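Commentary on secondary and tertiary structure
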Amino acid sequence: MGDTADNNTDLEAMSFEQAMGALEQVVAKLESGNASLEQSIELYTRGTALKAHCEAKLKDAQAKIEKITLDSSGNAAGTAPLDVE
């Protein structure tokens, strides 16, 4: 699977769509039953990281959507800065 540091770096650079595609590949490999035990553990670990990355991307997108500001007529007027905790 490669070096863990490289996987984490690659993961941070992935878009949501790329991470979902990679997660689907991991699931397909695990479901195929063709992976050794060691490969299965590595795949599961990678899948867990991909899932967390996707969830973080979705949470970020949701926070940005919630920060859309409205004018006095109720129309979208722009976005407010995202408050990151």
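Residue positions within a chain follow its written sequence, with the count starting from 1. Local features in this predicted model are restricted to residues of pLDDT 70 or higher, and side-chain atom pairs are both shown and tallied only at a pLDDT of 80 or more, whereas totals for entire chains, interfaces and linings draw on every residue. For the side-chain quantities, the full set of heavy atoms in the structure was used; hydrogens and water were omitted.

Let us now look at the confidence of the model for the protein chain. pLDDT expresses how confident the predictor is about each individual residue, on a scale running from 0 to 100. Summarising the model, the protein chain shows a mean pLDDT of 83, and 81% of its residues fall at 70 or more. We count a stretch as a helix when DSSP gives it H or I for four or more residues in a row; a strand needs E for two or more, and each element gets its number in order from the N terminus. Taken element by element, the protein chain is modelled with least confidence in helix 1 (residues 4-13), mean pLDDT 68, and with most confidence in helix 2 (residues 16-32), mean pLDDT 96. Every residue pair with non-hydrogen atoms within 4.5 Å of one another is taken to be in contact. Ignoring residues within four places in sequence, the model shows residues 1-5, a span with pLDDT below 50, making four contacts including any to other chains.

We now examine helix 3 (residues 37-66). For a helix, the expected span equals 1.5 Å multiplied by the residue count minus one. Relative to the 44 Å expected for 30 residues at 1.5 Å per residue, helix 3 spans 43 Å between its end C-alpha atoms, a close match to the ideal helical length. For helix 3, the full list of buried residues reads Leu43, Arg46, Gly47, Leu50, His53 and Cys54. A 1.4 Å probe rolled over the protein chains alone gives each residue an accessible area, and that area as a share of the maximum for its type sets the label: buried under 20%, exposed over 50%, partly exposed in between.

To continue, consider the pattern of salt bridges. Charged atoms that come close allow side chains of opposite charge to pair. For this document, the term salt bridge refers to a Lys or Arg side-chain nitrogen within 4 Å of an Asp or Glu carboxyl oxygen. Inspection of every chain in the model, using the stated rule, returns one salt bridge. Here Lys51 and Glu55 are joined by a salt bridge, their closest N and O atoms 2.8 Å apart. Pair noted here: Lys51 and Glu55 are both in helix 3, with a separation of four residues, about one helical turn.

With that out of the way, let us pick up the environment of Asn75. Note on placement: Asn75 falls in the loop between strand 1 (68-70) and strand 2 (76-79). Of the residues examined, Asn75 reaches a relative accessible area of 45% and is grouped as partly exposed. Contact partners of Asn75, with chain neighbours within four places excluded, come to Thr69 and Leu70.

As a further point, take the nonpolar core. Working definition of a nonpolar core: buried Ala, Val, Leu, Ile, Met, Phe, Trp, Tyr and Cys residues. They are joined through side-chain atoms within 4.5 Å. Counting residues in each nonpolar core, the largest one holds nine residues, listed as Leu11, Met14, Ala19, Ala22, Leu23, Val26, Leu43, Leu50 and Cys54. By residue number, the principal contributor to this core is helix 2, which donates four residues. When sequence neighbours within four positions are dropped, the list of residues in contact with Leu50 reads Leu11, Met14, Ala19, Ala22, Leu23 and Val26.

Moving on, we come to the environment of Tyr44. Examined against the element boundaries, Tyr44 turns out to sit in helix 3. In the structure, Tyr44 is positioned 21 residues away from Leu23 in sequence and 9.8 Å away in space, judged by C-alpha atoms.

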